[in-house]
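In case you want the letters, here they are:
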Amino acid sequence: MGKLQLEYSFDELIESCNETNITVLPIDVEILKTLKALPFLHRDPFDRIIIATSIKLGLDFISSDEIAKKYIPEVIW
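Residues numbered from 1 in each chain as written. Predicted model: local features only at pLDDT ≥ 70, side-chain atom pairs only at ≥ 80, totals over all residues. Heavy atoms only, no water.

### Here's the deal with unusual backbone geometry
Then, in step 1: The backbone of Asn 21 sits at a positive phi, close to 60 degrees, despite the residue not being glycine.
Then, in step 2: For Asn 21, a relative accessible area of 70% translates into the label exposed. (Buried < 20%, exposed > 50% of the residue type's maximum accessible area, 1.4 Å probe, protein only.)

### Observations regarding the environment of Ile 55
Then, in step 1: You can see Ile 55 is positioned in helix H3 (residues 45-57).
Then, in step 2: Distance from Ile 55 to Ile 31, taken between C-alpha atoms, is 8.5 Å for residues 24 residues apart in sequence.
Then, in step 3: Apart from the residues within four sequence positions on either side, Ile 55 is in contact with Thr 34, Leu 38, Tyr 71 and Ile 72. (Helix = DSSP H or I, 4+ residues; strand = E, 2+ residues; numbered from the N terminus. Contact = heavy atoms within 4.5 Å.)

### Section: the pattern of salt bridges
Then, in step 1: Enumeration over the complete set of coordinates arrives at three salt bridges.
Then, in step 2: Taking the shortest distance from any N to any O, the salt bridge between Lys 33 and Glu 30 comes out at 3.4 Å. Note that Lys 33 and Glu 30 are positioned in helix H2 (residues 29-37) at a spacing of three residues, about one turn of the helix.
Then, in step 3: With a closest N to O distance of 3.2 Å, Lys 69 and Glu 66 form a salt bridge.
Then, in step 4: Counted as one network, the salt bridges with shared partners bring together Glu 30, Lys 33 and Lys 56. (Salt bridge = Lys/Arg side-chain N within 4 Å of Asp/Glu carboxyl O.)

### As for the nonpolar core
Grouped burial of nonpolar side chains is what soluble globular proteins tend to show.
Then, in step 1: Grouped together as the largest cluster of nonpolar side chains are 10 residues: Ile 31, Leu 35, Leu 38, Ile 51, Ala 52, Phe 61, Ala 68, Tyr 71, Ile 72 and Val 75.
Then, in step 2: Elements that contribute at least two residues to this core include exactly H2, H3 and helix H4 (68-71).
Then, in step 3: Excluding residues within four positions of it along the chain, Leu 35 makes contact with Arg 48, Ile 49 and Ala 52. (Core = buried A, V, L, I, M, F, W, Y, C linked by side-chain atoms within 4.5 Å.)

See below:
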């Protein structure tokens, strides 16, 4: 879509995640099953993957996206 413009290279992004203890989560089969079971309310596939990951792993979801709140009632923001 061309919306994301990074100032840094991918390698710099990964290095920064490592330095700041940010964990990059894999997308596994269980998350994909959760994704497939979601109703099609949100058109952005990346947002849907984040939502499915949050649901499957029981993680807090932080977003100002009103559509995300239809999937996860406990959205923080």
